[in-house]
Amino acid sequence: MTTENVTARLVAERIEVAPGETLDLALVFEIRPGWHTYWRNPGDSGDPPRIEWTLPDGVEAGPLRWPRPELIPVGPLTNYGYSERAVHLIALSVPADWPIGEPVRIRADVDWLVCEEHCIPESGRFDLTLATAAGAGEAVGPAPIDPAQAEVFAAARAELPRGRIEGAVLGAAGTGLGLVIPADGLPQEIDGVWFFAGEWGLIEHAAQQSWRLVDGQLRIDLSPGALADQAAPDGLLVVADMRGEVRSYEIAAVRGSLPGTIPPDRPIGLPLAFVFALLGGLILNLMPCVFPILAMKALSLIHSLSGQGPEAARERVLHGLAYTAGVLLFFAGLAALLLALRAGGAAVGWGFQLQYPPFVAFMAYVFFVIGLSLSGAITIGARLMSLGGTGTGSGTAGAFGTGALAALVAAPCTAPFMGAALGYAVTLSWPLALAIMLTLGFGLALPFLVLSLVPRLARLLPKPGAWMETLKQALAFPMFAAAAWLVWVLSVQTGSGGVALVLGGLVLSAFGLWLRERTRSLPSARRRLGVAATSAALIGALYLGVTTDRLTAPVPSPGDESGSGLASEPYSPERLAAARAERRPVFVNMTAAWCITCLVNERVALSASDVARTFSDAGVLYLKGDWTNRDPAITAYLAEHGRNGVPLYVFYPPDGDPQVLPQILTEDLVRRAIRTSTQGSPGRDG
């Protein structure tokens, strides 16, 4: 039968059947281009085909057999199904006492769903009559195959699973799931794999799946679905080899601890997570990018102390509350976006926004403009954000904007205590995770809030005077330094092409803001022309920043030192597993170009000649994972150790459990960890 979207038919492989035999039928769907039908688990939406049989007594029809599906993305969702053609085989058994010569008449009522952007339920009734003959049977073999259907059945069998792989294990891996499958029966040269869950809810269908071969096992990292603890841990493994051949295998896993994996750090617990988040937020105030913002608000607070009476006190309190509200609102939005992306299966962690080059370019513009404002070259900063301003009319709004700005510039940083708190937060329900991240923001806002609410403490600050303007201008230079640092981050992400685009954007930004200053006092017609020209320059700068997303940086060669005194190799799960199999000590450094703490640690603790000598004497392999751009393998590694961002330092001794080092490193700490763990190891000099 033929509908608007599907041509469907039910055919038999052989032209006749003998009593006691089993033959295959095929339900064939020829599907309209751009449309699709569904696998047994349709994925995020859809419905698989269903058959209701009307059969003579004794005749039995087996279940639908499912060829391997394909991934069908539909917006943010992903379905499992078939396009162009789908062939489902069904085994039909005829009883041994069936009368010879009597035809076998069968009827199948089939329902299916066919979809493009919208879905249409369709159905059809299929009648099939099979002849029987005395000549068929064991003595002379089965009846010949119908030549008209030979290609259909041969192609259908090629799409079926090659068998079932036993011994697979599904278990927790950090905040996600890991599936470990014995690789004995798989192709030796694997080019790609994908796991199709057999039931809805086991995994997020649209999430990325990273895989690796380790010690004769295939390891796949999965994002848990809504029913990850309840759905059956089975499905279909699809494997492509280097020659382009694609095979599939049924997987029936058991739940358990993953073999050959490292257990995550012991959870810190909810109370300690809140304490760590508060401490981490407090320490963020000392970061090079954040401290100038806090200093500018302190200047405005010093000036406000000159006011007396209830109105002045009320305004100081409102400033502190507005600043705190700006910080918390930004952190709430960032946390909500992070949790939503993770719930959707994205492999992201703290600082994920800086893995997007246009955002890095935007941040470089922001720091550059703030620097121009503080230096006195332009006045836009005082008008829009009241940074260090003394006015009272828009002070509350300015304080709110400054709080949001402080949170924005703090977002790239990871302070001590933050990593454990955030890593634990993402394992919790979203209200608790959001509460921990808001506590981090509250810690960032707390110093200025306390100074605003307790005038006695604020009066300990220096008296106002001409020095305030000098300090304000001096604070421009940390902002310019931050902009230069972000341009360097772009060079890592996008190469010299991205640097050229953003430098051009900075020139356009400076020109546009200078033009605005020059035309501010002109007559209205010329002032409007100046505003238009300024807007065009700023839009051009933003366009150049967005364009950086099209560029990629050259891949560094193995052994690049990247500013460290130690020769490193790029991190990969396979390289780590191979070194562990050799009982070789390994130091893993998970870092990113936009992580200030990471860069400081590398300069302070990992670039000294004594540290390099210790690594050499102990035969330590130094693996460096660069998270500057998104890397699902690094995200999975962080999650396995209960972390949500960089830095992360893990030392693997030749024997024994790995040791997670603190986020703030010193030379002595690194050397002591290596010497203590490798002392007395076979084949190593202490």
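1. A short note on the overall build of the chain
Of regular secondary structure, the chain possesses 19 helices and 25 strands. Sorting the 686 residues of the chain into buried and exposed places 49% on the buried side. Within the chain, counting contacts between residues at least 6 apart in sequence, those at least 24 apart form 75% of the total. Surface summary for the chain: the accessible area is close to 30300 Å², and the carbon and sulfur share equals 59%.

2. Remarks on the packing of aromatic side chains
Here the structure, examined in full by the defined rule, presents 15 aromatic pairs. Ring geometry for Tyr 80 against Phe 196: centres 4.7 Å apart, planes inclined by 70 degrees, an arrangement best described as edge-to-face. Placement of Tyr 80 in strand β8 (residues 77-83) and of Phe 196 in strand β15 (residues 190-197) is noted, with a sequence separation of 116 residues between them. Each member of the pair, Tyr 80 together with Phe 196, is buried.

3. Concerning the pairing of strand β23 (residues 621-626)
In terms of burial, β23 is largely enclosed, as five of its six residues are buried. Bridge count between strand β21 (residues 569-570) and β23: two bridges; the pairing is parallel. Bridge assignment links Glu 569 to a residue of β23, and that residue is Leu 623. With six bridges joining them, strand β22 (residues 586-591) and β23 adopt parallel strand pairing. Within the sheet, the bridge partner assigned to Thr 591 lies in β23 and is Asp 626.

4. Section: the packing of helix α11 (residues 467-474) against helix α12 (residues 476-494)
Orientation of α11 relative to α12, taken along the N-to-C sense of each, is 5 degrees, at an axis distance of 4 Å. The angle between the axes of α11 and α12 places the two elements in the roughly parallel class. In contact with Lys 472, Gln 473 and Ala 474 of α11, α12 contributes Ala 476, Phe 477 and Pro 478. Tallied by class, the residues present in the contact of α11 with α12 amount to four nonpolar, one polar and one charged.

5. As for the state of the cysteines
In total, this model carries one disulfide according to the counting rule given. What pairs with Cys 115 in a disulfide is Cys 119, and their sulfur atoms sit 2.0 Å apart. Looking down the S-S bond of the Cys 115 and Cys 119 bridge, the torsion is 115 degrees, so its handedness is right-handed. Assessed through its relative accessible area of 1%, Cys 115 is described here as buried.

6. Points about the sheet that holds strand β9 (residues 85-93)
The strand order across the open sheet built from four strands is β1-β3-β9-β6, with neighbouring strands paired in antiparallel fashion. The sheet is open, and its two borders are formed by β1 (6-12) and β6 (60-61), each paired with just one other strand. Direction of pairing for β1 relative to strand β3 (residues 22-31): antiparallel, over a ladder of seven bridges. Note on β3: the bridge partner recorded for Ala 12 is Leu 25. Packing against the sheet, helix α1 (residues 150-158) makes contact with β1, β3 and β9, and its axis sits at approximately 95 degrees to β9.

7. Some details on the packing of helix α5 (residues 357-375) against helix α14 (residues 524-547)
At a minimum axis separation of 7 Å, α5 and α14 run at an interaxial angle of 145 degrees. Taken as a pair, α5 and α14 cross one another with a handedness that is right-handed. In this structure, α5 uses Pro 358, Ala 361, Phe 362 and Tyr 365 to contact α14, whose residues at the interface are Ala 541, Leu 542, Leu 544, Gly 545 and Val 546.

8. A short note on the pattern of salt bridges
Summed over the entire model, instances satisfying the criterion amount to 25 salt bridges. Arg 14 is the salt-bridge partner of Glu 21, the closest N and O atoms lying 3.2 Å from each other. Put simply, Asp 241 and Arg 243 hold a salt bridge, and the shortest N to O gap is 3.6 Å. Look at Asp 241 and you get buried, because its relative accessible area is 5%. By sharing partners, the salt bridges in this structure join Arg 162, Asp 241, Arg 243, Glu 245 and Arg 247 into a single network.

9. Brief notes about unusual backbone geometry
For Glu 84, which is not a glycine, the phi torsion comes out positive at approximately 70 degrees. Within the element layout of this structure, Glu 84 appears in the loop between β8 and β9. For Glu 84, a relative accessible area of 61% puts it in the exposed group. Even without glycine at this site, Arg 583 takes up a positive phi of about 60 degrees. By secondary structure assignment, the location of Arg 583 is in the loop between α15 (573-581) and β22. Judged by relative accessible area, Arg 583 falls into the partly exposed class, the value being 40%.

10. Regarding helix α8 (residues 418-425)
Since the α-helix advances by 3.6 residues per turn, residues separated by three or four positions end up pointing in the same direction. Summarising burial for α8: eight of the eight residues are buried, a large majority. Along α8, the positions that sit buried rather than exposed are Met 418, Gly 419, Ala 420, Ala 421, Leu 422, Gly 423, Tyr 424 and Ala 425.

11. Some details on a nonpolar patch on the surface
Together, Val 450, Leu 453, Val 454, Leu 457 and Leu 460 make up a nonpolar patch on the protein surface, roughly 410 Å² of accessible area in all. As for its position among the elements, Leu 457 is in helix α10 (residues 455-458).

12. Observations concerning the confidence of the model for the chain
Atom-level detail of predicted coordinates should not be read off regions where pLDDT is low. This prediction gives the chain a mean pLDDT of 82; 86% of its residues lie at or above 70. In this model residues 555-564 is a low-confidence stretch, pLDDT under 50, and it forms 14 contacts with partners more than four residues away in sequence or in other chains. Low pLDDT, under 50, characterises residues 680-686; the stretch is placed with 11 contacts to residues that sit more than four places away or in other chains.

13. Considering the side chain of Thr 547
As for its position among the elements, Thr 547 is in helix α14. In terms of polar contacts, Thr 547 uses its side chain to reach the backbone carbonyl oxygen of Tyr 543, at 2.6 Å.

14. What about the environment of Pro 67?
Tracing the chain through its elements places Pro 67 in the loop between β6 and β7 (70-74). In sequence terms Pro 67 and Ala 158 are 91 residues apart; their C-alpha atoms lie 8.3 Å from each other. Once residues lying within four places of it in the same chain are set aside, the contact partners of Pro 67 are Trp 39, Tyr 82, Val 87, His 88, Glu 159 and Leu 160.

15. Some details on the nonpolar core
Grouped together as the largest cluster of nonpolar side chains are 110 residues, with contacts concentrated most on Phe 587, Val 588 and Val 670. Here the element with the most residues in this core is α5; it accounts for 11 residues. Once residues lying within four places of it in the same chain are set aside, the contact partners of Val 588 are Tyr 571, Leu 576, Leu 623, Tyr 637, Leu 648, Tyr 649, Val 650 and Tyr 652. Counting 59 residues, the second-largest nonpolar core is a separate cluster that includes Trp 39, Trp 66, Val 114 and Ile 220.

16. Here's the deal with the sheet that holds β23
Strand order in this open sheet of five strands is β21-β23-β22-β24-β25, and the pairing throughout is mixed. Edge strands, defined here as strands with exactly one partner in the open sheet, are β21 and β25 (659-661). Sheet strands in contact with helix α16 (residues 596-605) are β22, β23 and β24 (648-652), and its direction is about 140 degrees off that of β22.

17. Focus: the environment of Ala 410
Along the chain, Ala 410 turns up in helix α7 (residues 395-410). Remark: the alpha-carbon pair of Ala 410 and Leu 284, spanning 126 residues in sequence, is separated by 6.6 Å. Contact partners of Ala 410, with chain neighbours within four places excluded, come to Leu 284, Val 290 and Leu 444.

Cut-offs used in this document
Residues numbered from 1 in each chain as written. Predicted model: local features only at pLDDT ≥ 70, side-chain atom pairs only at ≥ 80, totals over all residues. Heavy atoms only, no water. Helix = DSSP H or I, 4+ residues; strand = E, 2+ residues; numbered from the N terminus. Buried < 20%, exposed > 50% of the residue type's maximum accessible area, 1.4 Å probe, protein only. Contact = heavy atoms within 4.5 Å. Areas by Shrake-Rupley, 256 points an atom, 1.4 Å probe, with all protein chains shown as cover. Phe/Tyr/Trp six-rings, centres within 6.5 Å; stacked < 30°, edge-to-face > 60°. Pairing = 2+ DSSP bridges. Axes fitted to C-alpha atoms, helices over the stretch in contact; angles between N-to-C directions. Parallel < 35°, antiparallel > 145°, perpendicular 65-115°, else oblique. Nonpolar A, V, L, I, M, F, W, Y, C, P; charged D, E, K, R; others polar. Disulfide = S-S within 2.5 Å. Left-handed = near helix turned anticlockwise from the far one by under 90°. Salt bridge = Lys/Arg side-chain N within 4 Å of Asp/Glu carboxyl O. Patch = residues over 30% accessible without salt bridge, like charges linked within 9 Å, V, L, I, M, F, W, Y side chains within 5 Å. pLDDT = per-residue confidence, 0-100. Polar contact = N/O pair within 3.5 Å; in protein donor to acceptor, adjacent residues only side chain to side chain. Core = buried A, V, L, I, M, F, W, Y, C linked by side-chain atoms within 4.5 Å.

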